[in-house]
Amino acid sequence: MKKKTLIIFFLVILSGNSLSGFKIPMLSSKAPYKNPNLPIQTRVEDLLQRMSIEEKVHQLATFFPNGNIRLGIPHLKAGEALHGICLKHGTCFPQAIALASTWDPSLIEKTAEIIALEARALGVHHVYSPMLGVVRDPRWGRTEESYGEDPYLVSRIGVAFINGLQGKGKKRFDINHVLATAKHFVADGQPYAGLNRGPMEASARTLHEVFLPPFRAAVEEARVGCIMPAHHSLNGIPCHAHQELLIDILRHRYGFDGLIISDNNDIKALHTEHKIAENLHQAARLALEAGIDMELAIDQPWGSNRAYGPELIQAVKKGSLPIELVDRAVRNVLKAKFRLGIFQQTNNIPPEHDFMVGGDQGMTQFTPVETETGVRRYDSEVTEYFNTLHRLAVPRPGWEKIIYNPEHDRLALEVARKAIILLKNENDLLPLDISKLKIIAVIGPNAAAEVVGGYSTPQLKYYVSVLDGIKNFAQGKAKIIYEEGCSLINFNQANIPAAVSAARRSDVAIVVIGGNELTCKENEDRDNLQLVGHQEELVRQIYATGTPTVVVLLHGRPLAIGWIKEHIPAILDGWYLGQETGTAIAEALFGKINPGGKLPISYPRHVGQIPDYYNVFRWASHRGRYFHSERGPLFPFGHGLSYTQFTYSDLKITPLKRHGVVLAVSLQITNTGARTGDEVIQLYIHDEYASVVRPVRELKRFQRITLKPGETKRVEFSLNSEDFAFYDTQSQGWKVEEGTFQIQIGASSTDIRLQARVEYKKNQWLVLK
């Protein structure tokens with residue numbers, strides 16, 4: 001049957017008969033667009049003028065074959081890659097929120113390089129990562145996909161991730177790198193009621209100072225190749241029709257010259273959800289006018305349900321939509337393909353059916369299934385989603401050697417080690433001395449479970465659970481007993497008495513709790529931040545046995561664990577640590593490694609505190625209080641302890657005038673403890689007086705260093721004038737006012753160790769005594 005289909009297909013081609021409404025004549029191999037030595041713009045224009053309207057509109061489809069056999073245009077294959085390429089056996093790194101917890105941009109760049117290499121080996125050219133939303137409401141299920149609550153930290157991790165994905169210098173967009181997508185543009189991290197796709201209202205100053213900086217850095221520093229607008233409306237205008245955002249700010253002000261792709265079905269949503277378009281034709285026009293180049297519609301076959309589909313073709317033919325709008329979008333699509341060099345790369349020719357323009361290659365719509373606990377599951381949908389990815393991706397020869405390279409697994413372990421945060425360690429309970437332990441109880445719903453976070457590879461090459469990691473570490477040294485205690489899926493399934501019995505028989509109880517992909521992911525938002533199910537009850541009863549207890553958290557968003565913080569002596573936070581979860585956790589528990597991660601987002605005490613981000617505007621804070629409740633965060637932004645101690649000293653600030661640098665800041669850090677450890681030095685700025693209300697402090701620099709016992713290092717930072725600026729709504733630009741500023745250096749946003757005052761006056765910077 002397949003041979004017969006192929007014969008008919010090629011007969012159609014050779015005969016020149018029409019396919020989906022256009023002729024297929026043979027083309028000369030000397031066409032200018034096929035010459036890789038010509039400028040990309042020249043090639044784009046040459047190819048564009050050869051294309052029919054049908055061929056042009058098919059270039060605007062994503063997750064649908066957009067290759068073209070007549071003109072030899074390759075299909076642009078896309079995939080998810082938040083913490084590993086989402087294809088079978090891709091290396092699973094820690095989730096994005098854990099990547100940010102490393103506070104180590106150079107390590108994150110290396111991670112993204114491996115993700116890009118594996119993506120290209122598996123035939124993927126374009127990834128929908130990173131997610132650059134600044135999260136100010138952790139009820140939002142996509143918190144796990146983020147880099148936290150601070151625009152500077154999000155920017156630094158985001159730029160590193162993009163550079164790793166796309167490559168730098170001569171390696172940019174080569175055969176081992178991909179087109180990155182900065183998403184979601186913009187301000188989706190503080191949605192209405194914490195709900196995904198919820199509308200957002202933001203002042204111009206908040207927009208430019210908080211939500212836009214990561215995207216500005218992505219464009220101006222990392223030269224990101226693609227932008228994806230957000231689902232929601234911003235100040236009453238859907239982001240997918242927001243010309244001020246996408247044209248005035250993104251393209252004109254920031255100089256973005258890449259591809260803009262819609263989020264899934266969001267052009268259609270201009271008609272069906274936002275109700276600013278009366279039909280799909282109007283929705284398509286609004287999106288094209290705002291600069292949306294490609295439509296992502298993974299569950300829609302080619303047909304009337306696509307905004308950039310047959311109706312768009314007819315609208316152009318009838319003259320109701322200018323061809324210039326389509327041409328502008330097609331230029332950006334072709335430019336992306338030329339930049340990636342996929343016209344010249346042999347492993348980018350999709351199977352013959354992927355060339356068939358107008359075929360029904362879309363996905364089926366799947367309905368979520370309600371479980372006993374009321375949690376929605378999308379197993380069939382996820383399976384079909386990744387099957388579609390596989391079908392459209394053509395692996396390069398030798399891909400197995402790339403995917404199964406043990407160096408990739410070693411890097412996944414290194415990142416997991418550096419992401420772990422020591423939240424509490426009363427009386428130095430950790431690290432545990434395994435030589436003094438005979439029986440160890442490993443308890444909890446996440447102890448033996450596979451928890452890696454959303455948008456993960458659908459089939460891991462392997463996963464080390466916490467239970468497995470502890471067993472491997474303690475082999476021949478201590479007996480391990482395991483009890484689940486309670487479930488995260490079926491709340492009626494609990495056996496807390498068995499867990500209590502195990503704890504009583506043990507020298508220490510390690511309780512592994514938190515969440516999973518069913519409690520925190522896209523479209524799994526929450527109206528509280530408590531531990532789901534019977535987890536807190538489990539911890540309380542284990543603690544009541546009197547057995548020394550350690551809590552290990554594996555989860556996707558900050559949790560309101562006030563009782564646990566108050567009573568449990570030691571708490572380790574790992575978020576989702578990827579395929580090496582158990583190895584890294586065991587090493588941290590028993591002291592093979594020293595945790596050095598820091599929180600990229602604040603932990604509120606209760607959902608009622610939200611918003612609780614650290615860089616709040618100044619106000620009469622001494623008057624703000626809750627009835628019978630503390631105001632501050634449970635754990636602040638930047639917090640993270642160590643098994644050793646560090647002292648900060650000898651702060652020096654020197655005014656400079658070179659290469660845009662205005663102040664040189666340096667200080668000494670000494671490891672005064674008995675173990676080698678990592679410290680993240682954080683530099684904050686506080687504007688003492690200004691014409692507008694400023695945040696209490698703002699992160700401007702950070703650096704992670706490793707120190708041996710007794711070792712001292714001098715850490716240096718450079719500050720430029722923009723670090724002291726705020727967005728002026730009157731001039732619609734950045735402004736540095738004369739006045740005094742505090743330079744604050746510390747181990748977290750609330751643990752300031754050193755500070756000094758500087759003054760800006762008459763274009764001069766002075767250090768005040």
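What you see as residue numbers is a count from 1 along each chain, following the sequence as written. Restriction of local features to residues with pLDDT of at least 70 applies here, the model being predicted, together with a cutoff of 80 or more for giving and counting side-chain atom pairs; totals for whole chains, interfaces and linings are based on all residues. Side-chain descriptors were evaluated using all non-hydrogen atoms of the structure, hydrogens and water having been removed beforehand.

**Notes on the overall build of the protein**
Helical segments are the DSSP runs of H or I of at least four residues, strand segments are the runs of E of at least two, and each set is numbered from the N terminus. Counting its secondary structure elements, the protein contains 21 helices and 27 strands. Each residue's exposure class comes from its accessible area (1.4 Å probe, protein chains only) as a fraction of the maximum for that residue type: buried when under 20%, exposed when over 50%, partly exposed otherwise. Each of the 769 residues in the protein was classed as buried or not, and the buried ones make up 62%. Sequence-distant contacts in the protein: of pairs separated by 6 or more residues, those separated by 24 or more amount to 76%. Only heavy atoms matter for contacts: two residues are in contact if any of them lie within 4.5 Å across the pair.

**Topic: the sheet that holds strand S19 (residues 661-671)**
Paired strands, as defined in this entry, are two strands with at least two bridges between them according to DSSP. In space, the 3 strands of this open sheet follow the order S18-S19-S22, with antiparallel pairing throughout. Pairing within the sheet leaves two strands with one partner each, and these edge strands are strand S18 (646-658) and strand S22 (712-720). Each strand of the sheet is rotated relative to its neighbour by a mean of 20°, with strand direction disregarded. Between N-to-C directions, angles cover 0 to 180 degrees, with each direction set by a line fitted to C-alpha atoms, over the stretch in contact for helices.

**Some details on the pairing of strand S16 (residues 549-554)**
The side chains of a regular strand alternate, first on one face of the sheet and then on the other. The buried fraction of S16 is high, at 6 of 6 residues. By the bridge criterion, 6 bridges tie strand S15 (residues 508-514) to S16 in an arrangement that is parallel. Residue pairing across strands places Ile 510 opposite Val 550, the latter belonging to S16. By convention, a crossover is right-handed whenever its connection, traced from the first strand over the helix to the second and viewed with the strands pointing away, goes clockwise. Crossover handedness for the path S15 to helix H19 (residues 535-544) to S16: right-handed.

**Digging into the pattern of salt bridges**
Think of a salt bridge as a Lys or Arg side-chain nitrogen and an Asp or Glu carboxyl oxygen that are within 4 Å of each other. For the structure shown, the criterion picks out 36 salt bridges. Among the ionic pairs, Arg 197 bridges to Asp 266, the shortest N-O distance being 2.8 Å. Of the two residues, Arg 197 sits in the loop between strand S4 (181-185) and helix H7 (204-211) while Asp 266 sits in the loop between strand S8 (259-260) and helix H10 (269-272), which places them 69 residues apart along the sequence. One salt bridge in this structure joins Arg 216 and Glu 722, with 3.6 Å as the shortest N-O distance. Of this pair, Arg 216 sits in helix H8 (residues 213-220) while Glu 722 sits in the loop between S22 and strand S23 (726-728), placing them 506 residues apart in sequence.

**A short note on the nonpolar core**
If you look at soluble globular proteins, the nonpolar side chains tend to sit buried side by side. By size, the foremost hydrophobic cluster in this structure holds 124 residues, and its most contacted members are Val 186 and Tyr 308. Here this core takes 9 residues from helix H13 (residues 323-340), the largest share from any one element. Beyond its immediate sequence surroundings of up to four residues, Tyr 308 is in contact with Val 57, Leu 60, Ile 267, Ala 284, Ala 287, Leu 288, Ile 292, Asp 293, Met 294, Glu 295 and Trp 302. Among buried residues, the Ala, Val, Leu, Ile, Met, Phe, Trp, Tyr and Cys ones that are joined through side-chain atoms within 4.5 Å form a nonpolar core.

**Considerations on the environment of Ser 262**
Mapping Ser 262 onto the fold places it in the loop between S8 and H10. Taking the C-alpha atoms as reference, Ser 262 lies 7.0 Å from His 240; in sequence the two are 22 residues apart. Residues within four places of Ser 262 in sequence aside, it is in contact with Met 228, Pro 229, His 240, Ile 267, Ile 292, Met 294, Glu 295 and Leu 296.

**Some thoughts on the confidence of the model for the protein**
A score between 0 and 100, pLDDT records how confident the predictor is in each residue. When pLDDT is averaged across the protein, the result is 90; 89% of the residues are at 70 or more. Highest mean pLDDT in the protein belongs to strand S12 (residues 421-425) (99); lowest belongs to strand S11 (residues 376-377) (32). Low pLDDT, under 50, characterises residues 1-26; the stretch is placed with 27 contacts to residues that sit more than four places away or in other chains. Here residues 346-390 is modelled with pLDDT under 50, and outside its nearest four sequence neighbours on either side it reaches 94 contacts, counting other chains as well.

**Notes on unusual backbone geometry**
Cis geometry marks the peptide bond from Ser 129 to Pro 130, where omega comes out at 5°. Topologically, Pro 130 is positioned in the loop between strand S3 (126-127) and helix H6 (151-166). The step from Lys 183 to His 184 runs through a cis peptide bond, and the omega angle for that step is -10°. You can see His 184 is positioned in strand S4. Phi at Asn 235 is positive, roughly 55°, even though this residue is not glycine.

**A short note on the side chain of Lys 56**
Mapped onto the secondary structure, Lys 56 falls in helix H3 (residues 53-58). Of the residues examined, Lys 56 reaches a relative accessible area of 9% and is grouped as buried. If near-sequence neighbours (up to four positions away) are discounted, Lys 56 is found in contact with Leu 48, Met 51, Ile 323, Val 326, Asp 327 and Val 330.

**Digging into the environment of Ile 73**
Mapped onto the elements, Ile 73 comes out in the loop between strand S1 (61-62) and strand S2 (78-79). Take Ile 73: its relative accessible area is 0%, and that puts it in the buried class. Along the sequence, Ile 73 and Leu 334 sit 261 residues apart, while their C-alpha atoms lie 8.6 Å from each other.

**Some points on the sheet that holds strand S17 (residues 570-573)**
Pairing within the open sheet is mixed, and its 6 strands lie in the order S12-S17-S16-S15-S13-S14. Looking at which strands have only one partner, the edges of the open sheet turn out to be S12 and strand S14 (479-483). On average, each strand axis in the sheet is inclined to that of its neighbour by 20°, with strand direction left out of account. Note: S16 against S17, 4 bridges, orientation parallel. Paired with Val 551 across the bridge in S17 is Ile 571.

**Regarding the pairing of strand S5 (residues 226-229)**
Across the two faces of S5 the burial is the same, with Cys 226 and Met 228 and Ile 227 and Pro 229 all buried. Here S4 runs beside S5; their pairing, made up of 4 bridges, is parallel. From the neighbouring strand, Thr 181 faces S5, where its bridge partner is Cys 226. Of the strand pairs in this sheet, S5 and S8 are connected by 2 bridges, and their pairing is parallel. In the strand pairing of S8, Cys 226 is matched with Leu 259.

**Thoughts on the packing of aromatic side chains**
Two rings from Phe, Tyr or Trp (for Trp, the six-membered ring) form a pair when their centres sit within 6.5 Å of each other. Planes less than 30 degrees apart are called stacked, planes more than 60 degrees apart edge-to-face, and all others tilted. This structure, assessed with the given rule, holds 16 aromatic pairs. When the centroid spacing of 5.6 Å and the interplanar angle of 80° are considered together, the rings of Tyr 603 and Phe 635 count as edge-to-face. Separated by 32 residues along the polypeptide, Tyr 603 in the loop between helix H21 (581-589) and S18 and Phe 635 in the loop between H21 and S18 bring together distant segments of the chain. Residues Phe 724 and Trp 765 carry aromatic rings whose centres are separated by 4.4 Å and whose planes lie at 45° to one another, so their mutual orientation is tilted. Here the residue Phe 724 occupies a position in the loop between S22 and S23, and Trp 765 occupies one in strand S27 (residues 764-768), the gap between them amounting to 41 residues. Take Phe 724: its relative accessible area is 4%, and that puts it in the buried class. A relative accessible area of 8% means that Trp 765 is categorised as buried. Against the face of Phe 635 rests Lys 565, its NZ or CZ located 5.0 Å from the ring centre. Cation placement over rings: the criterion is NZ of Lys or CZ of Arg within 6 Å of the ring centroid and within 35° of the ring normal.

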